[in-house]
Amino acid sequence: MALMVIKCKAAVAWESSKPLVIEEIEVAPPQANEVRIKIVATSLCHSDLYFLYESLDKSLFPTILGHEGAGIVESVGLGVTEFQPGDKVIPLFLLQCGECRFCKSPKTNRCEEAMKRHAQKSTEHSRLTCKGQKLQQFMGTGTFSEYTVMNQMAVVKIDPAAPLDKVCLLGCGVCTGYGAAVNTAKVEPGSTCAVFGLGAVGLAAVMGCKAAGAKRIIAVDINPDKFEKAKVFGATDFVNPKDHNKPISQVLMEMTGGGVDYSLECIGNVECMRSALESCVAGWGVSVIVGWTDLHDVATRPINLMLGRTWTGCLFGGFKGKGGIPRMVKAYLDKKVMLDEFITHNMTVDQVNDAIELLKNGKSIRTVMRFSPQ
C-alpha cells in the first residue's frame, strides 16, 4: 500500500530571534534509504537557542529546530533493511555512512557524507512543508515536529525497554559532555578535573569525570544555584569566578598546586576556553573545547602549549552515534549513567517558547517535551 503524506503538529522557526509558531505541517513519505519517525519526546538544547538567536546565517529559516529526540519508526523507504515500523530509535545529527575513511577509522566520529550534506542547503533532503513552503531540518533532524524523515545513516535503533522521554537526552547534550571526559580527554583515575559551565553538557562532563575515576572535580559557574545539582553528578569543589578578583585560571592553579590534569569548557565562550587551557598543569594538562561557538577566534600565548599542555576539542563527545548511543542507553538501563536527574521540567511542544525562556534565563537544565500530555 502506498504511504501517505502525514499532517501533524510542529513548532516552526519562521525567522531568527522570534518565538516559534505551532503550525500544522505536511510530512511526505520516506524516499529510498529514508525512515519516517514519530517523535515521542524531544528536549531543548542550548544549540537550538544559539541557532535561533546568535547564528549569522539568516538563509537557514524557516526551520524546524530540535535535535535531541527519540521516537518510533512509522514507515521506511525502499532499500531500508536496518529498521522496521515499531522500532524505537534516536535521530543522529552526526550521521554515519559507514563506508568513508572517517567512518572506518576509530580515531574520529566525522563522516564524509555528513560533511557533504552539511555543505548543501538542507531543504534538498527535507520532506517537511508548511503553507506550501519547504522547511529546513535543524542539524538534519528537526525533532520539534511530531513526525520527521531522515536518512537511515542518521538513525540508530535502541533497546525497546528504553523510556523515550529519558533517553532522548542522549541525542546530544549528555553524550557530548560525558564523551568529552571519557573519550576525548581520557580522564584517568585519581586525577583532578575542572568543568567550566554547568548546563546539561557540563553536568554530563562532571558525570563522565566521576565515571572515569577522577578524585577531584571542580565545577566552575557564575550561577551558584547550579552547584547543588553538580554535586549530584559527582562534583567535589565549586568555584564562582564572581567571588574572586583574580583570573579563574590563577584561582584553580592555587587550589590545585599548579593546575588541573584535565579541564573541559562546556559553555562556548572563547575567553572561557582560554581560561580552561591556562588552568591546566604544565607538562601534561589536557583541555577540551566542548561548548559550541563560531563567532570569534580563540587565542592563547604559544608558551602555554609549548610547556606541554594539550588543547583539543570534540563534537558529540567523540561518540560514533550508531555504536555509542546504544551503549549509553544500556548504561542508563544498567543504572551506570544518570538521565532523570538532568530533567528539570516536562512540558508539551505547545509550550516550547516557555521552555526557551527557562533555558535562556538559566532556570532549567533540560526540558523534555511531548506532543501530547502523558
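In the annotation of an unreviewed UniProt entry, the chain is listed under the name Alcohol dehydrogenase 1 and assigned to Maylandia zebra. Checking UniProt for the chain, the heading Sequence similarities (unreviewed entry) contains the comment "Belongs to the zinc-containing alcohol dehydrogenase family." Among the UniProt annotations of the chain, the heading Cofactor (unreviewed entry) holds the following wording: "Zn(2+)".

We now examine helix H5 (residues 200-211). For H5, which comprises 12 residues, the first-to-last C-alpha distance of 16 Å matches the rise-based estimate of 16 Å (1.5 Å per residue) to within 8%. Looking only at H5, the buried set comprises Ala200, Val201, Gly202, Leu203, Ala204, Ala205, Val206, Met207, Gly208 and Cys209. Packed against the buried residues of H5 are helix H4 (173-185), strand E12 (192-196), strand E13 (216-220), helix H6 (227-233), strand E15 (262-265) and strand E19 (366-370). Looking one or two places after H5, you find Gly213, whose phi comes out positive at around 100 degrees.

Another aspect to go through is the packing of aromatic side chains. Enumeration according to the criterion identifies 6 aromatic pairs in this entry. Here the aromatic rings of Phe316 and Phe319 are separated by 6.3 Å at their centres, their planes lie at 65 degrees, and the arrangement is edge-to-face. Here Phe316 matches Phe319 in class, with each residue buried. Among the aromatic residues, those joined into a ring-pair cluster are Phe51, Phe61 and Phe138. Its guanidinium or amino end placed over the ring of Phe102, Arg110 lies 5.7 Å from that ring's centre, counting from NZ or CZ.

Take the nonpolar core next. Most often, soluble globular proteins have nonpolar side chains that are buried together. Of all hydrophobic cores here, the largest spans 63 residues; its most connected members are Val167, Leu264 and Phe342. Ranked by residues supplied to this core, first place goes to H5 with 8 residues. Summarising the domain contributions, this core has at least three residues from each of domain 1 (6-171 + 338-370) and domain 2 (177-315). In terms of nonpolar packing, the next biggest core, distinct from the first, is built from 49 residues, Val73, Phe138, Tyr147 and Met150 among them.

Let's shift gears to the domain arrangement of the chain. When cut into domains, the chain gives domain 1 (6-171 + 338-370) and domain 2 (177-315). In this structure, domain 1 and domain 2 have C-alpha centres spaced 29 Å apart. Summing both sides of the interface, domain 1 and domain 2 together bury roughly 1200 Å²; the carbon and sulfur share of this comes to 69%. One can count 0 salt bridges joining domain 1 with domain 2. The interface formed by domain 1 and domain 2 contains 3 residue pairs in polar contact (both at pLDDT 80 or more). Broken down by class, the residue content of the side of domain 1 that touches domain 2 amounts to 6 nonpolar, 3 polar and 3 charged.

The element E12 is largely enclosed, with a buried count of 5 among its 5 residues. The alternating pattern of E12 places Thr192, Ala194 and Phe196 on one face and Cys193 and Val195 on the opposite face, and all of these are buried. In terms of strand pairing, E12 meets E13 through 5 bridges, oriented parallel. Within E13, the position partnered with Cys193 by the bridge is Ile217. Both E12 and E15 contribute to a ladder of 4 bridges, which runs parallel. Note on E15: the bridge partner recorded for Phe196 is Glu265.

Rules behind the numbers
- Residues numbered from 1 in each chain as written.
- Predicted model: local features only at pLDDT ≥ 70, side-chain atom pairs only at ≥ 80, totals over all residues.
- Heavy atoms only, no water.
- UniProt positions renumbered as here; feature names shortened; annotations may be inferred.
- Helix = DSSP H or I, 4+ residues; strand = E, 2+ residues; numbered from the N terminus.
- Expected span 1.5 Å × (residues − 1).
- Buried < 20%, exposed > 50% of the residue type's maximum accessible area, 1.4 Å probe, protein only.
- Contact = heavy atoms within 4.5 Å.
- Phe/Tyr/Trp six-rings, centres within 6.5 Å; stacked < 30°, edge-to-face > 60°.
- Lys NZ or Arg CZ within 6 Å of the ring centre and 35° of its normal.
- Core = buried A, V, L, I, M, F, W, Y, C linked by side-chain atoms within 4.5 Å.
- Domains from an automatic or database assignment.
- Buried area = accessible area lost by both parts, 1.4 Å probe.
- Salt bridge = Lys/Arg side-chain N within 4 Å of Asp/Glu carboxyl O.
- Polar contact = N/O pair within 3.5 Å; in protein donor to acceptor, adjacent residues only side chain to side chain.
- Nonpolar A, V, L, I, M, F, W, Y, C, P; charged D, E, K, R; others polar.
- Pairing = 2+ DSSP bridges.

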